[in-house]
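Summary of structural features
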2 protein chains.
Amino acid sequence: MSDWELCWLPRENAQAEFTVRPEGFDESDGAAVLTSAVSELKSFGSFPADSCIVIQRDTKLPPESYAWDGSRMLLTASDPRGALYGVFHLLREQKLQNGAVTSFGPCVPANPLRMLNHWDNMDGSIERGYAGRSFFFENGRILNGDRIRDYARLVASVGINAVVINNVNVRGDATWLISDRYYDDLTALSDTLASYGVRLFMSLNYAACMDIGGLPVADPEDEAVQAWWKEKMREVFARIPNLGGFLVKADSEGRPGPFTYGRTQAQGANMLAEAVRPYGGIIIWRCFVYNCQQDWRDRKTDRACAGYDNFIGTDGDYADNVILQIKNGPMDFQIREPVSPLFGGLKKTNTMLEVQIAQEYTGQQIDVCYLIPLFKEVLAFHTTAPDGEDDTVAQIISGKGKAHQTNPGMCGMAAVSNMGNDANWTGGDLAQANLYGFGRLSFDPSLSSEYIAKEWLGLTYPKEAETVLLPILMHSREVYEKYTVPLGIGWMVRPETHYGPSVDGYEYDRWGTYHRADLKGVGVDRTAAGTGYAAQYGKVWQEIFEDPGRCPEELLLFFHRVLYTDRLQSGKTLIQHIYDTHFEGYAAVEESIRQIETLSDVLDPVVYGRIRERLDRQLRNAREWCDQVNSYFFRKSGIADGQGRPIY
Amino acid sequence: MSDWELCWLPRENAQAEFTVRPEGFDESDGAAVLTSAVSELKSFGSFPADSCIVIQRDTKLPPESYAWDGSRMLLTASDPRGALYGVFHLLREQKLQNGAVTSFGPCVPANPLRMLNHWDNMDGSIERGYAGRSFFFENGRILNGDRIRDYARLVASVGINAVVINNVNVRGDATWLISDRYYDDLTALSDTLASYGVRLFMSLNYAACMDIGGLPVADPEDEAVQAWWKEKMREVFARIPNLGGFLVKADSEGRPGPFTYGRTQAQGANMLAEAVRPYGGIIIWRCFVYNCQQDWRDRKTDRACAGYDNFIGTDGDYADNVILQIKNGPMDFQIREPVSPLFGGLKKTNTMLEVQIAQEYTGQQIDVCYLIPLFKEVLAFHTTAPDGEDDTVAQIISGKGKAHQTNPGMCGMAAVSNMGNDANWTGGDLAQANLYGFGRLSFDPSLSSEYIAKEWLGLTYPKEAETVLLPILMHSREVYEKYTVPLGIGWMVRPETHYGPSVDGYEYDRWGTYHRADLKGVGVDRTAAGTGYAAQYGKVWQEIFEDPGRCPEELLLFFHRVLYTDRLQSGKTLIQHIYDTHFEGYAAVEESIRQIETLSDVLDPVVYGRIRERLDRQLRNAREWCDQVNSYFFRKSGIADGQGRPIY
């Protein structure tokens, strides 16, 4: 018995009196993955006694794909990974359909890369981790074993095929991951992951050539720097044969980078890309570059502009094994942001979408916040015009954009992980839905949020729980938004922790995150008359965003300064909208608790207890948000709530 | 050569061709202190060749006292400690008078206890420490040696006679200071300190009987608890013979205490006092007890009331070897607070004044803030009426109050230390003035702030520096107040660090520290119509504080809610006063820098560089305070600055 739970994975081993026979696979290619596929099916499948399930290779299928012929009990698969995903699909359907599984497929993953980014530190802590300590690291050592194997099973079961195991802020011991200290342990870890088709990536310290190489600079145009990295990567890939490549956070929040030497981001990325190219390695370069020493007095500089400004000029300059990883919005994983204009802007550059399931700013796995609807909105965003024929984010980051060139396989989706050493892996039980959902969505972005939620619930909880939990999940993002930050303005969180309200917490600070509230109104003017951010979208979107009457109302305060007395589409004034939504959000959490309590005899007592306890914390959090935001705006505006509810 | 500096101590050893002869002291009593006195005089004194300085015991003098007869070159002293203080006095005057020292004395210390409280942790960190790491502790070990010896010399030279070496928040290793682990090292440390007349005290974990004693409770009425402490103290005083006693923070900010068991603070203190009584030990019990889980919505509960409310009912209940240690104000070492009403209120209880030279909320030894004027105000406070004949705080805490009973010797002053392992001991060089000044003032509260500052400057810097540094010191508190928190309202600092502004940083938090600003005005109503705090002072003061026209204006917002458009005594509106003082405070720091720059060739370059660098940081801090406070109130009030200066 392990100390951890297996979430949505099948829990009971059937009396397996059937056989599983792979056909057509050759030994050299992913034998361990095929073994896992066979073993999972054999251990958890449920088929008539003496039947034989054939897993047959079909080279006509695209990579990682599969199909199931229910009448012939035949799973066809492009390759071992396809077989594994097919097996997990089959096991899911067996549970959900409660018996014989009708045919499905062919199922082809939309995104070549479906990644998790872990922000785990080698001391075992996790930056913005809300589910316990790291299961990859402890006291500077690399862990391996059953927990890692179950981790690989969990993430593979939803189609994830790559993981970055260490924090993008690479410091201390983690700089030495590319040294003899850790090669053997990394190779062992890589093998465990690879047996479930999960490829190991690492975050890289861009200044490693200085910190461990002893060079005086990290200038990407310096020949000694280039030579050091080439030699280092020769060594790294010799010692960790299946390594996929590296994720790099450079020139960001105090991390060193090419800007230090007057070089472009492309020069920095390409230097590393050349070094890993001989080994099939890729460099994933984060676009989270902005000035974190901003002066709050300065109303022209806009952090929202930074990603685009720093990267758009290098479009087309990147090596074919470089991918730019772009956060969904221009700020930082807020509950509501416009989609980053870089997706539409970059035409000749490999790109990946970065989302965050860690809920750093969206409740920290305490507050229920099912994020798949947010991710769906991002994927569905038409980059040129709302009703355009042109490329959506989903098309672009899956390599299917018409107006966007991508090198084959060099694109996809990454999520900042919400996993840790807690028994349930994600702290809050309902936060598992984001892990599950991210994997499923990155494999098949056409799935609806509701479909995914139902699937996860069906696999994880007794059937009766769905009627309660499904609406809680489906409303959770809207509820969280209601009691927190109004109309896209963002932030208002406690500095440092990022949990709980502090309306002015960042208002006079250096982080570029301001709401500019005064006694008359609130919001940031990002039109041409203001910071000019809206122009990064091109003409059609710019006109929409710049017109307060056409701007999507949920983003109104992101793009406009609005008076408290201005009317919204509902006919309410802004101030009344703020009051109402905050009271509504709080009431909705109260209602969720009432609903959840009907499940006290339905759910496992441990699971129920954990969910209930988190909801209590969410309710307290919602109370603080509601009262602080309302009181803040009441004290500033002096305008009383139309309904006379308590404001302090 | 040591790695640290010796501040105001004499720097050069004279060619000592004179002799020093003690007379009338017996060997048993403080021989080490007398040896130190002789050695200091011999090493650093300057007298004619072949002369003989006699240090003669005079049992008619009160304890720790001395007098100098310049014509006879005779130092008379009550005891070895008196001799040591006399020697340091003589050495000071030799430097200041540059030669032969005229007669002085008899000099008698006003306060029996003149203490430093170090908030040092055993890992070597210092809570609210701004001058480097601890010199008492490192990695759970106790340090000793030359640095401690020079520490003892430094503090003894200004008359300090007792120190608490560890943080009042006693956790982890520090709980075990009263165990065999540390007895030998503590005794050695105690001996080093004692050789300069400095008595060792420690902070105690009130729950030690549970944490190391294994008892299930810490109830002071529990016989097993009482027995454990008696046995423990028998052991402690047997192993550390010269230990003075203990400082206790109980029932405060998460520390355990008697309230946990429904007992009074007196019951808790007395239980410990009985245990240390047989060994002449004393218990110093802090009055910093308040609810740190307050609801910001609640406008009736007032943290300012807590100290008085929690202790006044136990007046007279304390054992004669218990001292209540009371912070100067009812809140927590803000730049401006009224004097704690407990001083006047407690009539039959030994009390000590606690001040803080660590500058936690007053610039953290970066910003210049000479605190002696603040301490003088507190000492001069007449506790019943401003023009009363009745007891001042100085009288009460020195045991000379007419209406306040004190057991002999059971009173005095304590300062939270500003010292650490930095070369100059106090981080900012000018922060030394607070250490020096606290010692001198606690010995002789009649000295003026200016006298003390001049004395320190004369001992520490070249004579030409005085004309620049003296006014900077003398104005520094007013300057700091101007650019930070207006009219006694307090706080507005960044939570956690307590440095730099965050106007709403504590406004919606649980710490009981609110300014209640809205679009009309700011301030807390502490009259009978509000929280009722003013009534804790008795009738005369209550009437003064409750009348906005008579309330000392520098405390106006502490006691009253005031509209931005209300006029102050200056004729200015409150809002204009806020704007003006903030711009003035910033300008004064600029001017300080201009002034200091004239000393670039006068001061030692290292010292000059450090002072200059701190002033640059102070200027940046003042800029942030000025702009954030002004912008905050401008955004709330909408009232423009009358002089049109930049507000954001």
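From a predicted model like this one, the values you see are computed outputs, not experimental measurements.

1. Re the sheet that holds strand β1 (residues 19-23) of chain A
Residues and elements named next belong to chain A. Taken in spatial order, the five strands make up an open sheet running β1-β2-β4-β3-β5, and their pairing is mixed. Edge positions in the sheet fall to β1 and β5 (104-107), since each has one partner strand and no second. Neighbour to neighbour, the strand axes of the sheet diverge by 15 degrees on average, direction disregarded.

2. With respect to the relation of the copies chain A and chain B
When chain A is fitted onto chain B, the two copies agree to an RMSD of 0.0 Å after a turn of 180 degrees and an axial shift of 0.1 Å. Taken together, the turn and the small shift mark the pair as related by a two-fold rotation axis. For chain A, the residue whose C-alpha comes nearest the rotation axis is A:Lys636, separated from it by 2.7 Å. Of all interface residues in chain A, 100% are interface residues in chain B too; the two copies therefore contact each other through one and the same surface.

3. Looking at the packing of helix α12 (residues 432-443) of chain A against helix α13 (residues 449-460) of chain A
Residues and elements named next belong to chain A. It is the contact of α12 with α13, at a shortest axis distance of 10 Å, that shows an interaxial angle of 120 degrees. By the angle between their axes, α12 is oblique relative to α13. Relative to α13, α12 is oriented so that their crossing is right-handed. Across the interface between the two elements, Gln-432, Ala-433, Tyr-436, Gly-437, Arg-440 and Leu-441 of α12 pack against Tyr-451, Ile-452, Glu-455, Trp-456, Leu-459 and Thr-460 of α13. By residue class, the composition of the contact of α12 with α13 is seven nonpolar, three polar and two charged.

4. With respect to the side chain of A:Asp518
Position of A:Asp518 among the secondary structure elements: in the loop between α14 (466-483) and β16 (521-522). Look past the residues within four positions of A:Asp518 in its chain and what remains in contact with it is A:Arg561, A:Tyr564, A:Lys636 and B:Arg635.

5. Focus on the packing of α14(A) against helix α17 (residues 574-597) of chain A
All names here are of chain A. Contact geometry of α14 with α17 gives a least axis separation of 9 Å together with a crossing angle of 155 degrees. Between α14 and α17, the angle is such that the two are roughly antiparallel. Relative to α17, the crossing made by α14 is left-handed. For the pair α14 and α17, the contacting residues are Val-468, Leu-469, Ile-472, Val-479, Lys-482 and Tyr-483 in the first and Thr-581, His-582, Glu-584, Gly-585, Tyr-586, Ala-588, Val-589, Ser-592, Gln-595 and Ile-596 in the second. Taken together, the residues that form the contact of α14 with α17 break down as nine nonpolar, five polar and two charged.

6. A closer look at the environment of B:Leu324
Note on placement: B:Leu324 falls in strand β13 (residues 322-327). A C-alpha to C-alpha distance of 5.7 Å links B:Leu324 and B:Arg286, two positions 38 residues apart in sequence.

Analysis parameters
Residues numbered from 1 in each chain as written. Chains lettered and ligands numbered in written order. Predicted model: local features only at pLDDT ≥ 70, side-chain atom pairs only at ≥ 80, totals over all residues. Heavy atoms only, no water. Pairing = 2+ DSSP bridges. Helix = DSSP H or I, 4+ residues; strand = E, 2+ residues; numbered from the N terminus. Axes fitted to C-alpha atoms, helices over the stretch in contact; angles between N-to-C directions. Least-squares fit on C-alpha atoms with pLDDT ≥ 70 in both. Contact = heavy atoms within 4.5 Å. Parallel < 35°, antiparallel > 145°, perpendicular 65-115°, else oblique. Left-handed = near helix turned anticlockwise from the far one by under 90°. Nonpolar A, V, L, I, M, F, W, Y, C, P; charged D, E, K, R; others polar.

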